[in-house]
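Residues per chain, in single letters:
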Amino acid sequence: MVAAVACVVGADAGAQTLRLTQDDLQKRANGVLALMSYSIVPDITTSSLSIGGGGSTSGSSEFFMTQLGGGDTISKSVPIYLEGVLAGSRYDPTFVATQGTESRNIPTKWNSLSATGGIGWDFKLTDELKLRPIFNVALGNVTSDLRAASWYVGRQTGKDVTFLDRGSLNAYGLGGSLMLDYEHYRPGYEVDVELRYSDIRLQSFSSSAAVQGSAIAQSANLWARYRAPTGITLLQRPLRYVLELTHSEFLGDQRGVLGFDRLTSVGAGLELDSSAYDVIITRTRLVGRYVFGNNVSGFSVGLAVSF
């Protein structure tokens, strides 16, 4: 998504106008939904994502996203799979207003909230391998806050830029996922591998009159985890070490919108087993991860629980 917009200033001496063209607004609406598409699909590589704004570069921006989600099959006798994801993101684009040789940065703040639900069915292929089709539905909202910049815009033009100043973009998504789930459990170790393809189509509705957007969230993800005892006993159960590998290929409108097409995550951590006690949480995992891709790299720490 392009973070800077060249705003057009009229040449008439008596009436200066600052405006965004409809094509610019449409591109920005589609771009915002493309960013939201990272939030609506469960993915370890993007569950916590923060990208800096490039220092003092004109038109620079910052992006931050966090995601909380989970999923599980009800039971072996009732192989219905349920999943849910809640996510929030913050995107701070800087628009550039020009007037002859003078230019002024106009900072804005875009806050996004989204929720995704999924229901699927486990088809048993072997004792350790399942095929899981999933139907997904998503709902999201993006609000724009001009605030301090609205004073400058109003002073220069005498008009409100309603799309930027407290504008709102609502979106819904429908689609599905197909997953292969492999579970290989032995007394001395456990192996989990999931291969998932997701395709969710986002479309705006009941939004600010200036914008109507759409985006396609497509991704392919490979996730693998290995767990084994450390030799230490805590809470009457073995303390396990955890090794993880995740690779995501972003397709559709996600591809390249943040400067990368794929992300890989490698992680290691510990898992505490509390199943010997009468508590709802049976396992707690703390995992540190190194994430890298073309043009991006970073570190994260994840906390997860099993019920």
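All values reported here derive from a predicted model rather than from experimental measurement.

What counts, and at which threshold
- Residues numbered from 1 in each chain as written.
- Predicted model: local features only at pLDDT ≥ 70, side-chain atom pairs only at ≥ 80, totals over all residues.
- Heavy atoms only, no water.
- Helix = DSSP H or I, 4+ residues; strand = E, 2+ residues; numbered from the N terminus.
- Contact = heavy atoms within 4.5 Å.
- Core = buried A, V, L, I, M, F, W, Y, C linked by side-chain atoms within 4.5 Å.
- Buried < 20%, exposed > 50% of the residue type's maximum accessible area, 1.4 Å probe, protein only.
- Phe/Tyr/Trp six-rings, centres within 6.5 Å; stacked < 30°, edge-to-face > 60°.
- Lys NZ or Arg CZ within 6 Å of the ring centre and 35° of its normal.
- Polar contact = N/O pair within 3.5 Å; in protein donor to acceptor, adjacent residues only side chain to side chain.
- Salt bridge = Lys/Arg side-chain N within 4 Å of Asp/Glu carboxyl O.

Visitor: I tried to follow the environment of Gly 120 on my own but got confused; where do I start?
Guide: In this structure, Gly 120 sits in strand β8 (residues 109-121). Between the C-alpha atoms of Gly 120 and Tyr 81, which are 39 residues apart in sequence, the distance is 4.7 Å. If we ignore the near neighbours within four places in the chain, the residues touching Gly 120 are Pro 79, Ile 80, Tyr 81, Pro 133 and Ile 134.

Visitor: Just to check I follow, could you spell out the nonpolar core for this structure?
Guide: The tendency in soluble globular proteins is for nonpolar side chains to be buried side by side. Counting residues in hydrophobic clusters, the biggest one holds 26 residues, and the most contacted among them are Met 36, Tyr 38, Ile 40 and Leu 258. Looking at this core, the elements that each hand over two or more residues are α1 (22-40), β4 (62-73), β10 (129-145), β11 (168-186), β12 (189-205) and β13 (214-234). Ranked by residues supplied to this core, first place goes to α1 with seven residues.

Visitor: Mind showing me how you'd approach the packing of aromatic side chains here?
Guide: Two measures describe an aromatic ring pair: the distance that separates the ring centres and the angle between the ring planes. Tallying each qualifying case throughout the model produces eight aromatic pairs. Here Tyr 38 and Phe 260 contribute two aromatic rings whose centre-to-centre distance is 6.2 Å and whose plane-to-plane angle is 65°, an arrangement assigned as edge-to-face. Residue Tyr 38 is found in helix α1, and its partner Phe 260 is found in the loop between β14 (237-252) and β15 (262-273); the two are separated by 222 residues along the sequence. A relative accessible area of 1% places Tyr 38 in the buried class. Owing to a relative accessible area of 1%, Phe 260 belongs among the buried residues under this scheme. Ring geometry for Tyr 226 against Tyr 241: centres 6.3 Å apart, planes inclined by 50°, an arrangement best described as tilted. Residue Tyr 226 is located in strand β13, and its partner Tyr 241 is located in strand β14; the two are separated by 15 residues in the primary sequence. Positioned over the ring face of Tyr 81 is Arg 132, at 4.2 Å from the centre of the ring.

Visitor: Sorry if this is basic, but what is going on with the side chain of Thr 116 here?
Guide: Looking at the secondary structure, you find Thr 116 in strand β8. Reaching out from Thr 116, the side chain makes a polar contact with the backbone oxygen of Ile 40 at a distance of 3.0 Å. For Thr 116, the residues in contact, after removing those within four places along its chain, are Ile 40, Glu 83, Gly 84, Val 85, Asn 136, Val 137 and Ala 138.

Visitor: Can you help me understand the pattern of salt bridges in this one?
Guide: Side chains bearing opposite charge may pair, as long as their charged atoms lie close to each other. Applying the stated rule across the entire model yields 22 salt bridges. Residue Glu 83 pairs with Arg 196 through a salt bridge whose shortest N-O separation is 2.8 Å. Taken together, the positions of Glu 83 in strand β5 (residues 80-92) and Arg 196 in strand β12 put the pair 113 residues apart, joining distant regions of the chain. One exposure class covers both Glu 83 and Arg 196, and it is buried. The salt bridge partner of Lys 130 is Asp 181, with a shortest N-O separation of 3.9 Å. Residue Lys 130 is found in strand β10, and its partner Asp 181 is found in strand β11; the two are separated by 51 residues along the sequence. The buried category is assigned to Lys 130, whose relative accessible area is 19%. A residue is classified by how much of its surface remains accessible, and Asp 181, at 2% relative accessible area, is buried.

Visitor: How should the side chain of Arg 227 be read in this particular structure?
Guide: Within the fold, Arg 227 resides in strand β13. Its relative accessible area of 6% is what places Arg 227 among the buried residues. In this structure the side chain of Arg 227 is engaged in a polar contact, spanning 2.9 Å, whose partner is the side chain of Glu 271. Not counting residues within four places of it along the chain, the set of residues in contact with Arg 227 comprises Tyr 185, Tyr 189, Glu 190, Asp 192, Arg 240, Tyr 241, Val 242, Glu 271, Arg 283 and Arg 285.

Visitor: It is not clear to me how unusual backbone geometry should be interpreted in this structure. Could you clarify?
Guide: Negative phi is the rule for most residues except glycine; trans is the rule for most peptide bonds. Phi is positive for Leu 235, close to 55°, though the residue is something other than glycine. Looking at the element boundaries, Leu 235 is found in the loop between β13 and β14. Residue classification places Leu 235 among the partly exposed positions, given a relative accessible area of 36%.

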